[in-house]
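# Summary of the model geometry
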Amino acid sequence: MSVTQTRAETAAGTSCWSCKAATNGAHFCPACGKIQPLPRDTNYFTLFGLPEKLGIDAGALEQQFHKLSWKLHPDNFVRADEFERNLSLERSSELNDAYRTLSDPLARVEYLLERGGMRKEGTTKQQAPPELLEEVFELNESLDELREARESGEDLNELRGRLEPAQKDFQGKLADVDGELNAVFEKWDAALDSGASKDARAALMAQMNEILNRRSYIRNLVANVEQELAKTS
Amino acid sequence: MEIKGRIVGIDLGTTYSLVAYMDHGAGHPRCIVGPYGSTLCPSVVSVDEDGTVIAGEAAQRRLLTQPERTIYSVKRLMGRSVEDVQDELKHFPFHIEPSNGNVIRVRLGEKVFTPPEISAFILRELKSWAENFFKDTVDRAVITVPAYFNDAQRQATKDAGRIAGLEVLRLVNEPTAAALAYGLHKQQRGRVAVYDFGGGTFDISTLKLISTDEGDIYQVLSTNGDTHLGGDDIDNVLLGVARQEIRRDLGLDLSAHPGCVQDLRKALILAKHQLSSAEKAEVHVPLEDGKFYVRDFTRREFELLIEPIVARTMGPVKQALADAKLVPSQIDEAVLVGGSTRIPLVRRTVGEYFGRAPHCELNPDEVVALGAAVQADILDSGVTTMLLLDVTPLSLGIETMGGVVAKIIPRNSTIPASAQEMFTTGVENQTAIDLHVLQGERELAKDCRSLARFQLKVPPGPAGLARIEVKFLIDANGILQVTARDLRTGELHTIEVQPSYGLNDAEVERMLEESIEFAEQDFSERQLIESRNEAETILKATEKALNNETVAELPKAERAAIDQSVERLRDSARGSDYKLIRTNIDELNQATMHLAELVMNGALHNALEGKRLDDV
């Protein structure tokens, strides 16, 4: 790896860095065809020419991703000078980051919330949702017993028998949460279409954030159970 | 514009390396045949008493006679630390010099080299093959690496290219290169799994091959593997069995006889190869003190011995499919790459998992180099009609509080890929922020691979005032670049970089200068010297064999044929045609086969002083 520290910003304006023609945020200069830096106000949605909706046609997104890859990939710039090579590297990495984020529904909504200032990395609360407290408590108890039993070499079948239905139960809850999330996605897209107020959108974002936190909690729980069960089988 | 030389594709393998080019007339890539008539260049390097370095077939022959001056499988050491390779040292005769630096140094005779320098000798050998073939300079290359190579291993490979005087235009993952060659050959579309089991590394990649208006896209969906799992490990299992039996039955400890171990290893590898087509293989190796190791291996026994190694490949296979969100039945084709996929058990295992017979119509030894040549041509021509979208095999993370790793670029992200993080100060008048970058899937920093530690310098001020934006970017080679921008001040700050493993630029530059002296020697001149040396060796051995009493049993006609061959070889060795010398060496080898057998079977095999059968 190589490391450099610099404050040199790539000039990202509305005119071409090479021929000074107006670019209007295009990927390539309409006049001279040179690759352009990413305009400052671009986000993952606008990069693909999409509205900030959560319902995205995966096939169309992939096609657009491939179209842009053909143009921006460093393979096309092996013979270009260093400045253009670096631009291509920057632009194609942005494109890949954007596609990676938007092609995954969960990463997509997290990105949307982050942009809206509703979700910050590393601050996700890992608290049990109140309505699940009792069940989570029981599950954790069973998991502890399973671990102890395994260490002391006791018969695990009975414990497994208790954990497996609990595992199914929580997997079902995960599916429910995903359903909830999808429903809010649709509400969000409809709100955008109808030009809903800023407050209305913020309320939807808060709702999505709450569901995501719950989902992340249940997902971790399911993963833990799966891991423990895998160790005993 | 500066005039450039030719561009080639190179497969820098653990056991063998190859060089290929795009044959525009034929419309497909081809491997270049070396001076020994094969496209395979053994990845072996040897240093002479006079300091001359030789690589390839000639070096491989010295493994038997001068094992302490010769090294094989150096790829296992690339981008690793002394601590990392302790396990390897049990199985490989590497003479590692004690050092406190972060780069391994290997002793070969009187000289000491780093792994990139040793690999550079192999690359120079291939470069000379290609230059001899084109009668033109070769100065740029696409080099393949195992898909599961980490940043340090990739950087070490790139350094090797530079030291060899090659501009490395791209590092391409081996299974991806294979898919490229294979897709071009078959016009295959759909989902493909490439199972690449080579001499020292194992990779599995899943890809999607798509036709678009602009051309074909090869999009890697996921990759996994084990950079220390290969045919070498199979050889080591066999070698372990043989050495144990030799100790038990013959009371002989081979630790003090490295030449014997190499003889044994060679015979076992031959048996391994035979067992790919035969049901039984015989091993017959002369040892010290007039003792022989004679042993039959059946395929069944062989398969039982290697089953655990083959099973180890399946963990990464399952993970790669899970990461691509695929089940085996969704894979349209499974493609086999690498010499170890010739083993029937491997084919069976892969076939059973995917529920279909795997494809292996392209030569599994050559397919990676052919793919590298295709990519080299794409980069050279400037007209892209095929696009490779590869992924990073390992997650990239930074160490946070409590030694926990925060992942910032997940594994299997399409490259180039990037992530930006903002850093600030935690206490008043803090002047630097420490960063630790790692690669790996584990939660804790101590379980991941350290890439680098560095400091962001900040001007003193209240806590939380500094705003340093750090951008992590994995380029199309899978190598990380880090840039830091101070968003608040206008000053330029430097970062103190401490790469955890690897060479710095100045070291690479120095090695490049040093290595140029090795490049000066003309190709044919070097071939001539090597072939004369070989001729001398075989002539001496023949003379010795003829002086021993078993010769009485040799029919007159045979003796006359040997004498004739000896004369012819002597004559040609006085001339300067290295090809003729080689032909005559082969001829003498043929003529002395029976003689060698007599000596082997006779009581006086010691007269041969451990020479190989075909050297006699």
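None of these values were measured; they are calculated from a predicted model.

### Focus: the overall build of chain A
Check the secondary structure of chain A and you find 7 helices and 1 strand. The helix and strand sequence of chain A, counted from the amino end, reads β-α-α-α-α-α-α-α. Per-residue burial over chain A gives 23% buried out of 233 residues. The long-range share in chain A, meaning contacts at least 24 apart out of those at least 6 apart in sequence, stands at 58%.

### Re the overall build of chain B
Secondary structure summary: chain B contains 15 helices and 26 strands in total. In terms of overall dimensions, chain B is globule-like: its C-alpha atoms have a radius of gyration of 26 Å, near the 25 Å expected for 616 residues. Projecting the C-alpha coordinates of chain B onto the three principal axes gives extents of approximately 95 × 55 × 55 Å. Within chain B, buried positions represent 48% of all 616 residues. Excluding contacts between residues fewer than 6 apart, the proportion of contacts in chain B whose partners are at least 24 apart in sequence is 69%.

### Focus on helix 1 (residues 57-65) of chain B
Taking burial as the measure, the 9 residues of helix 1 of chain B include 7 buried ones, the bulk of the element. Of all the positions in helix 1 of chain B, only B:Ala58, B:Ala59, B:Gln60, B:Arg61, B:Arg62, B:Leu63 and B:Leu64 are classed as buried.

### A word on unusual backbone geometry
Residues and elements named next belong to chain B. Cis geometry marks the peptide bond from Ile415 to Pro416, where omega comes out at 0°. Looking at the secondary structure, you find Pro416 in the loop between strand 20 (405-409) and strand 21 (417-423). Phi is positive for Asn412, close to 65°, though the residue is something other than glycine. Following the sequence through the fold, Asn412 ends up in the loop between strand 20 and strand 21. Look at Asn429: it is not a glycine, yet its phi comes out positive at around 60°. Within the secondary structure, Asn429 is located in the loop between strand 21 and strand 22 (432-439).

### What about helix 14 (residues 578-591) of chain B?
Residues and elements named next belong to chain B. Its 14 residues give helix 14 an end-to-end C-alpha distance of 20 Å, which sits within 8% of 20 Å, the value for a rise of 1.5 Å per residue. Every buried residue belonging to helix 14 is among Tyr578, Ile581, Asn584, Ile585, Leu588 and Ala591, and all of these are buried. Taken around the axis of helix 14, the buried residues stretch over an arc of 135°, which confines them to a single face.

### Some words on the packing of helix 1 of chain B against helix 7 (residues 258-274) of chain B
Residues and elements named next belong to chain B. Orientation of helix 1 relative to helix 7, taken along the N-to-C sense of each, is 125°, at an axis distance of 7 Å. In this view, helix 1 runs oblique relative to helix 7, as classed from their interaxial angle. Touching Leu63, Leu64 and Thr65 of helix 1 are Gly259, Gln262 and Asp263, all from helix 7. Looking at the contact of helix 1 with helix 7 residue by residue, the classes come out as 2 nonpolar, 3 polar and 1 charged.

### Quick word on the sheet that holds strand 6 (residues 53-55) of chain B
All names here are of chain B. Here we have 3 strands laid out as an open sheet, ordered 6-5-7, and antiparallel in their pairing. Looking at strand neighbours, the two that pair on one side only are strand 6 and strand 7 (70-72), the edges of this open sheet. Sheet twist, expressed as the mean angle between neighbouring strand axes with direction ignored, is 15°. Note: strand 5 (residues 44-47) against strand 6, 3 bridges, orientation antiparallel. In the strand pairing of strand 6, Val47 is matched with Val53. Relative to the sheet, helix 1 contacts strand 5, strand 6 and strand 7, its axis offset from that of strand 5 by approximately 70°. Contacts from helix 3 (residues 115-134) reach strand 5, strand 6 and strand 7 within the one sheet, and its direction differs from that of strand 6 by about 65°.

### Quick look at the pairing of strand 16 (residues 292-298) of chain B
Residues and elements named next belong to chain B. Two elements, strand 15 (residues 280-286) and strand 16, share 7 bridges in a ladder whose sense is antiparallel. Directly across from His284, in strand 16, lies its bridge partner Val294. Linking strand 15 to strand 16, which pair antiparallel, is a turn of 5 residues; within it Asp289 sits at a positive phi near 50°.

### Regarding the nonpolar core
By size, the foremost hydrophobic cluster in this structure holds 154 residues, and its most contacted members are B:Val8, B:Ala20, B:Tyr195 and B:Ala372. Formed jointly, this core draws a minimum of three residues from each of two domains, domain 1 (6-184 + 368-380) and domain 2 (396-490) of chain B. Residues in contact with B:Tyr195, not counting those within four places in the same chain, are B:Ile204, B:Val317, B:Ala334, B:Val335, B:Leu336, B:Val337, B:Thr341, B:Val350 and B:Pro358. Core analysis: the second largest hydrophobic core is formed by 18 residues, A:Phe65, A:Val109, A:Phe185 and A:Leu204 among them.

### As for the domain arrangement of chain A
All names here are of chain A. Considered domain by domain, chain A is made up of domain 1 (12-103) and domain 2 (130-232). Each side of the interface is counted separately: domain 1 has 5 residues, and domain 2 has 5 residues. Residues that form the side of domain 1 that touches domain 2 fall into these classes: 2 nonpolar, 1 polar and 2 charged.

### So, the environment of A:Asn182
Along the chain, A:Asn182 falls in helix 6 (residues 157-193). As a C-alpha pair, A:Asn182 and A:Leu54 span 128 residues in sequence and 9.0 Å in three-dimensional space.

### Looking at the packing of helix 8 (residues 299-323) of chain B against helix 9 (residues 344-354) of chain B
Residues and elements named next belong to chain B. Two elements in contact, helix 8 and helix 9, have axes separated by 10 Å at closest approach and are oriented at 40°. For the pair helix 8 and helix 9, the sense of crossing is right-handed. Of helix 9, the residues touching helix 8 (which contributes Glu303, Ile306, Val310, Met314 and Val317) are Leu345, Val346, Thr349 and Tyr353. Residue composition of the contact of helix 8 with helix 9, grouped by class: 7 nonpolar, 1 polar and 1 charged.

### Here's the deal with the sheet that holds strand 13 (residues 202-212) of chain B
All names here are of chain B. Reading across the sheet, the 5 strands line up as 17-12-13-14-18 and stay open at both edges, with mixed pairing between neighbours. Since the sheet does not close on itself, it has two edges, and those belong to strand 17 (333-337) and strand 18 (386-389), each with one partner. In this sheet, adjacent strand axes meet at a mean angle of 25° when their direction is disregarded. Two strands pair when backbone bridges link them, and strand 12 (residues 190-197) and strand 17 are joined in this way by 5 bridges, in the parallel orientation. Note on strand 17: the bridge partner recorded for Val192 is Glu333. Together, strand 12, strand 13 and strand 14 (215-226) form the strand contacts of helix 8, whose direction differs from that of strand 14 by roughly 135°.

### A word on the environment of A:Arg219
Residue and element names in this part refer to chain A. Structurally, the position occupied by Arg219 is in helix 7 (residues 198-232). You can call Arg219 partly exposed: it has 14 C-beta atoms within 10 Å. With 10 residues separating them in the primary sequence, Arg219 and Leu229 have C-alpha atoms 15 Å apart.

### Brief notes about the pairing of strand 24 (residues 468-474) of chain B
Residue and element names in this part refer to chain B. Where burial is concerned, most of strand 24 is hidden: 5 out of the 7 residues are buried. Sheet topology note: the strand 21/strand 24 ladder contains 7 bridges and is antiparallel. Counterpart to Ser418 in the pairing with strand 24 is Leu473. One ladder, built from 7 bridges, connects strand 24 with strand 25 (residues 480-486); its direction is antiparallel.

### Things to note about the environment of B:Thr392
Residues and elements named next belong to chain B. Residue placement: Thr392 occurs in the loop between strand 18 and strand 19 (396-399). Sequence separation between Thr392 and Ser222 is 170 residues, and the spatial gap between their C-alpha atoms is 8.6 Å. Leaving out residues up to four positions away in the same chain, Thr392 has contacts with Ile409, Arg411, Ser413, Ile415, Ala417, Ile474 and Gly478.

### Some words on the confidence of the model for chain B
All names here are of chain B. When the pLDDT values of chain B are averaged, the result is 87; 93% of them are 70 or greater. Per-element mean pLDDT across chain B ranges from 56 in strand 26 (residues 496-499) up to 97 in strand 1 (residues 6-12). Confidence drops under pLDDT 50 across residues 603-616; counting only partners more than four residues distant or on other chains, this segment forms 39 contacts.

Conventions used here
Within every chain, residues take consecutive numbers counted from 1 along the sequence as written. Following the order in which they are written, the chains are lettered starting with A and the ligands numbered starting with 1. Owing to the predicted nature of the model, reporting of local features is limited to residues with pLDDT of at least 70; listing and counting of side-chain atom pairs is limited to 80 or more, with chain, interface and lining totals taken over all residues. Secondary structure elements are defined from DSSP: runs of H or I of at least 4 residues count as helices, runs of E of at least 2 residues count as strands, and each element is numbered from the N terminus. For the exposure call, what matters is how many other C-beta atoms sit within 10 Å of a residue's own: 20 or more marks it buried, 12 or fewer exposed, and in between partly exposed, using C-beta atoms placed from the backbone. For the purpose of contact definition, each residue receives a C-beta atom placed from its backbone, and two residues are in contact when these atoms lie within 7 Å. Values of the radius of gyration come from C-alpha atoms, whereas the globule rule sets the reference at 2.2 Å times the count of residues to the power 0.38. Multiplying one less than the number of residues by 1.5 Å gives the expected span of a helix. Taken from the helix axis, the directions to the C-beta atoms give the arc we talk about. To get an axis, a line is fitted to the C-alpha atoms, and for a helix only the part in contact is used. The angle between two axes follows their N-to-C directions and goes from 0 to 180 degrees. These descriptions rest on fixed angle ranges, namely under 35 degrees for roughly parallel, over 145 for roughly antiparallel, 65 to 115 for roughly perpendicular, and the rest for oblique. In this count, Pro and Cys sit with the nonpolar residues alongside Ala, Val, Leu, Ile, Met, Phe, Trp and Tyr, while Asp, Glu, Lys and Arg are called charged and the others, Gly among them, polar. In this description, strands pair whenever DSSP reports at least two bridges between them. Here, a nonpolar core denotes buried Ala, Val, Leu, Ile, Met, Phe, Trp, Tyr and Cys residues that are linked to one another through C-beta atoms within 7 Å. Note that the domain bounds were set by an automatic or database domain assignment. Working rule for handedness: look at the near helix, and if it is turned counterclockwise from the far one by less than a right angle, call the crossing left-handed; if clockwise, right-handed. Each residue carries a pLDDT value, the predictor's own confidence for that position, ranging from 0 to 100.

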